[in-house]
Structures are given as structure tokens and as C-alpha cells.
Protein chains: 2
Amino acid sequence: MYIHVFCHWCSYAGPKTELAIPAMVELNCALIGTGINHVKLLPASNDDHGGVIVDMREPVEPDFFLTMLRASMLLWRQQEKRGVWIKLPIELVNLVETAVKEGFCYHHAEPSYLMLVYWIPETPSTIPANASHRVGIGAIVWNDKRELLVVQEKIGIFRRAGVWKIPTGVVDEGEDIFMAATREVKEETGIDTEFQEILAFRQSHKSFFGKSDLFFLCFLHPKSFDIQKQELEIEAAQWMPLEEYAAQPFAKKHELFKYIDDLCLAKVDRNYAGFSPLPTTSIVNDRISYLYSNIRGLKLSSPDDHQ
Amino acid sequence: MYIHVFCHWCSYAGPKTELAIPAMVELNCALIGTGINHVKLLPASNDDHGGVIVDMREPVEPDFFLTMLRASMLLWRQQEKRGVWIKLPIELVNLVETAVKEGFCYHHAEPSYLMLVYWIPETPSTIPANASHRVGIGAIVWNDKRELLVVQEKIGIFRRAGVWKIPTGVVDEGEDIFMAATREVKEETGIDTEFQEILAFRQSHKSFFGKSDLFFLCFLHPKSFDIQKQELEIEAAQWMPLEEYAAQPFAKKHELFKYIDDLCLAKVDRNYAGFSPLPTTSIVNDRISYLYSNIRGLKLSSPDDHQ
């Protein structure tokens, strides 16, 4: 068997990686005696955990992909690599079946790509879990007249039920919780708000395709008061006295609605302390992340207060 | 064109759904004049949002799948269905390419299956987002000698760095945060604990495959004290005075380590109030979910306290 092609990293004009030359040399060593003396490899880079990531971008015939995959796997086994990742954009869907038949499993998918994975060692897999949670917010917007901002929805489980509820929404990937709360209120009702605190959150399971859900109840001050409701999803929106909100039959029946009532009263009448965001820098880079904590409780013992 | 097969729901011995007969009748009506008078449909059930879910389980040739998919799509368009979902177990990987070529996108994948989706209407898609967050815990286990339970890890960014850190881990899909905290401590160190509070949490972005991350700092009381470290991932484990932990160069440099120090002192010396779990029942079923809140702050205004 003789395959007259040469290392992907040499034949392409794309960026070279440190893997390039050693990989080719090692593969040629590994193949001595097999009759294969030069094989094209898959474009791969090392990850931080002893594995490799193949980021396929160029179209290739499934048969040729299979040859490259088998040669690459032979090399990676020799190199004692651990996890092998293959990222296939949806345009390269014709390669999915080949990878699966070689023993790859799905890891995760987004609309535009599929990620497959293979664990080489005999030891237990340390492949990290896929994203497991969706994150949502409920926005308690409270004005000086002891009124809540409430909406009736056109879609979802409350549609056409006449239930007045607080604005809710999904926190996007990459979005901060406090930003999501102000964004959702603005989108649904046109009201500008200032984020105050997370009063509570609820974790629930099997909420969607088997995934878990984290729902953060946020407390916000309004900065504007004229409602401009969103037409597509919102049937009606208004300011409503807390007592009227809490007196709804649905709200009396369901614990989460009762907790919203309790939390509002605790917050405005008893100075309940929730969690607020503090900017922090990441351990691994300079990116800002937000730490949510009981800031009043924390400040009592911070060095700044002892000066 | 004449396809001599008949409705999936009639030809199979499996459970029938409400869709079965109307679907077949409507399809036959829809196909009058096309020369197709009896077509096998994909096995589908309605969802709660005006869409349909196809749960493929039986092997089928891609060509035949294509015929069924096209006939089914014709019907669903006539019925003004919205989202069309196709769940393909990994064994049916040979059908992925066909679905994608008919315009389906990936929605999400788990090791054993791929979920594809298609939005029929002209209106903006309301297809729910994929899971966006991974959830982790850090466990502050505090004994009566003002010592923390700390470990050195064999893997990850702290490997071979000589850094003493609190036990951390990933919250599994379907697992409650407080349960994950006690589980991780037990797994890594053999110590039994009682969960007390979430002291703070941090949201960070782009932490893994573009996903976001929620990391909950939990405070726990130990119920046992003899350490039995886990061999695979843990290099060393011990009880360490808080001052010694905080004096590590790495801990002085990184904000999250400093916050752990601040939060410990606030909690034990100033009675800092974090969030604790309260069991609640779901809005849509009887399943228990946990609401995490500042329970002391909440109880002050709960009806039980006024009796």
C-alpha cells in the first residue's frame, strides 16, 4: 500500500503549528515497514489536556477523510494522546457518518457545527461534560407606588390564561445575568431599569431536552415609566399593585409566585439582602467576570472598611 | 408518481397518537391531484408550541427517509406547524446528511443522539436556545480550628503548581448544587459534610467551547475529619489554617482566591448571609425544585413568623 500524499501542514499555505514537523516525522517512523511512506494527516492542534483538536474547514471526500483519520489516529495512539476532538461545520455533514463508524461519539452541536470526540486511553475518560444548564431571569421591577411591572404573554405556558406575571427571558450564551434582566424588561415593555440585586434563584431539572435550568429572580428600579409593549410576544403590560398581583388565583396556587410576593415584601419592607454583581478578573486571563454576593455582608469585613 | 406505502401509525404495532388518523387524512387531501395517494409519514408527535417532534428509532434507508421527510414536511406546512424537530440516535447517523440537505440545522447533540431542527413559518424563529452554561461548585469546608479543607490537583490548570485550593467540581445535569458540593468533597477527600450556604457565585464566559460558566462558592460543615484522598485526580489533601491558605502567592495574586478569604471571614466572624436551598414544587408538575435565597432575610417577613 502506497499513498502518495504528504503532510497537510506542508502542503497547505495555512498557518503551521508546532505539531507539524514532529507529527510528520513521527508518523513516518510509525509507518516504516507498513509500505505507507507518506500520508496526509488531519489538521490538528494540541489542547491543554493531552488531546488534539481537528478543526475541519475544507471539503474533502469521505474516503480520503477516512484515510487521513486512520493515519492520524495511528499517530495519536503512538503519541499517547488522550481525547481526540473533530469539529465539523455543517457544510461538511458528509463526513459525520465516517467519523461515527470509526468510533467517534457526538459531544455537542450548535446550529453551524457538530463536535465529535474519541477517548484513546484505557483509563476512564476525563472528557468534560457538555453544557448542562439553561439560564433564565425573572425581572421584578418595583416603582415608588408599590407597583410591579407585569405582562401577559402571547406564547408559552401562560398564553391566553389571563395571568399577569413578571417579565422573564433567557440569558444568552456570553451574556451577564444582570444585563439580561435589563435587556428583557426593555424588550418586552420599553421600560429602562437599573439592576439592584438577585433576590433568589431556582434550579430545576428535566426542563428542556433533559437539561437543567437556573432561574434568577432579579430586583430592578425603573428609570422610565411609559410602557411600550413588544407586539410579537406580549399581549398586555401594566404597572400593578403588589397586592393585586399576589391576589391572582394562579399566584396563590403556585409557590414560585408566592415567593415573588414574599421576596418583594422582604426586600422593600425589611431590607432583605440579595446578591449583587462585583467585577472580578479571571484566573486565566484579564477578562472581567462578575461575582454575585451579599455585598453588604461582605463589605463589613473587607479591608477597605477598616481603614 | 405513486408510492404504495401507508401511514406509519397504521402499519406499525407501536402506540398510536392523536396525530395519526387526521394526519393521514389531511395528507391524502393535500396530495390529491399530485398522483401520490398514500405516503408513509415520519413518526411524529406534537409539542406544546405548535411544532412536531420526530423521534426516529428504526433503521431506514436514506432514500426512503427522504421520501417520508418530504411528504411529512408537505403535510406540516399545510397544517401550519412551526418548529420541526428530528431526533436521530447515533446508530442512525446515515440519515444526518439527508436531513441537513433538506435544510435542517443542528440544534444540540449528546453522546448518543443528534437533534436537528427546521423552522417553517416566515416569522422570526422562536426555537429555544441550546443549553448555554456549565455549572461548577467550589466547596469551602470549615472546621472548628478555623481550618479549610484544601487539595492539590493532578490535572487541570493547577497541576504541579503546588497550589492548595478548595475542592471544586462540575454539577451534573439533573444534580442539585448543594448535592454536588457534598458529593465532590466526599469524592476528592472522603470527608462527609453538611451543606450550609452558597456564599457567592461567579458567571464567566467563553470558558469551554464558547459556553458560559456559573461557579457557586459553597460553605459546608464537616461531619468527619479523616482525609482519604482520591488517587486519580488529587495529589494531596489536608486541613489548612485560613491564614496559611490566604498567604499563598497564588492566592494573593488572584481575586477569586481573595474573595474566598473575605467570604470565609465575613461568614464566620460577621454572620454573613448567603443563599440556602428551600424545596418548592414546580409550576408545571409536582417535581421538587430548590429555591436558593437569603432564608434569614426572607423569614423575617413570612406569614409563619407573624403567627
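Look a little higher up for the structure.
A few points on the structure. Because the structure is a prediction, the values reported are computed rather than measured.

Definitions and cut-offs
Residues numbered from 1 in each chain as written. Chains lettered and ligands numbered in written order. Predicted model: local features only at pLDDT ≥ 70, side-chain atom pairs only at ≥ 80, totals over all residues. Heavy atoms only, no water. Buried < 20%, exposed > 50% of the residue type's maximum accessible area, 1.4 Å probe, protein only. Helix = DSSP H or I, 4+ residues; strand = E, 2+ residues; numbered from the N terminus. Pairing = 2+ DSSP bridges. Expected span 1.5 Å × (residues − 1). Contact = heavy atoms within 4.5 Å. Buried area = accessible area lost by both parts, 1.4 Å probe. Salt bridge = Lys/Arg side-chain N within 4 Å of Asp/Glu carboxyl O. Polar contact = N/O pair within 3.5 Å; in protein donor to acceptor, adjacent residues only side chain to side chain. Least-squares fit on C-alpha atoms with pLDDT ≥ 70 in both. Axes fitted to C-alpha atoms, helices over the stretch in contact; angles between N-to-C directions.

**Quick notes on the pairing of strand β7 (residues 147-153) of chain A**
Residue and element names in this part refer to chain A. The buried fraction of β7 is high, at seven of seven residues. The alternating pattern of β7 places Glu 147, Leu 149, Val 151 and Glu 153 and Leu 148, Val 150 and Gln 152 on opposite faces, both of which are buried. Pairing of β7 with strand β11 (residues 234-241) involves seven bridges; the strand directions are antiparallel. Within β11, the position partnered with Gln 152 by the bridge is Ala 236.

**Things to note about helix α3 (residues 62-78) of chain B**
All names here are of chain B. Between its terminal C-alpha atoms α3 stretches 24 Å, which fits the 24 Å expected from 17 residues at 1.5 Å a residue. Every buried residue of α3 is listed here: Phe 65, Met 68, Leu 69, Ala 71, Ser 72, Met 73, Leu 75 and Trp 76. In the stretch just after α3, Glu 80 is the one whose phi turns positive, near 55°.

**Topic: the side chain of Lys267(A)**
Residues and elements named next belong to chain A. Mapping Lys 267 onto the fold places it in helix α8 (residues 255-270). With a relative accessible area of 15%, Lys 267 lands in the buried category. When residues no more than four places from it in sequence are discounted, the contact partners of Lys 267 are Glu 197, Leu 199, Phe 219, Tyr 272 and Arg 296.

**Considering the interface of chain B and chain A**
Facing 91 residues of chain B, the contacting portion of chain A comprises 89 residues. For the chain B and chain A pair, buried surface summed over both sides reaches about 8100 Å², with 65% attributable to carbon and sulfur atoms. At the junction of chain B with chain A, the criterion picks out four salt bridges. Taken together, chain B and chain A are joined by 31 residue pairs in polar contact (both at pLDDT 80 or more).

**Looking at the relation of the copies chain B and chain A**
Superposition of chain B onto chain A requires a rotation of 180° combined with a translation of 0.1 Å along the rotation axis, giving an RMSD of 0.1 Å. The superposition operator between the copies reduces to a two-fold rotation axis. In this assembly, 96% of the residues forming the interface of chain B have copies in chain A that are likewise at the interface, indicating an isologous arrangement.

**Let's talk about the sheet that holds strand β2 (residues 52-55) of chain B**
Residues and elements named next belong to chain B. With respect to topology, five strands assemble into an open sheet ordered β1-β2-β3-β5-β4, the strand pairing being mixed. A strand with exactly one partner marks an edge of an open sheet, and here the two such strands are β1 (44-46) and β4 (105-110). Looking at each pair of strands side by side, their axes are set apart by 20° on average, direction ignored. Where β1 lies against β2, three bridges are found, and the strand directions are antiparallel.

**Describing the sheet that holds strand β5 (residues 113-119) of chain A**
Residues and elements named next belong to chain A. If you walk across this open sheet you meet the five strands as β1-β2-β3-β5-β4, and the pairing is mixed. Single-partner strands in this sheet number two, and they are β1 (44-46) and β4 (105-110). Put simply, the sheet's adjacent strands are angled 20° from each other on average, direction ignored. For strand β3 (residues 83-89) and β5, the ladder comprises seven bridges, and the chain directions are antiparallel. Each residue of the ladder has a partner; that of Val 84, found in β5, is Tyr 118. Helix-sheet contacts for helix α3 (residues 62-78) involve β1, β2 (52-55), β3 and β5, and the interaxial angle to β3 is about 155°.

**Regarding the pattern of salt bridges**
Residues and elements named next belong to chain A. Under the defined criterion, the tally for this structure stands at 30 salt bridges over all chains. Notably, a salt bridge pairs Arg 70 with Glu 102, separated by 2.8 Å at the nearest N-O pair. Placement of the pair is Arg 70 in helix α3 and Glu 102 in the loop between α4 (96-101) and β4, with a sequence separation of 32 residues. Arg 70 sits in the partly exposed class, given a relative accessible area of 49%. A single network of salt bridges, built from pairs that share partners, joins Asp 172, Glu 175, Arg 183, Glu 184 and Glu 187.

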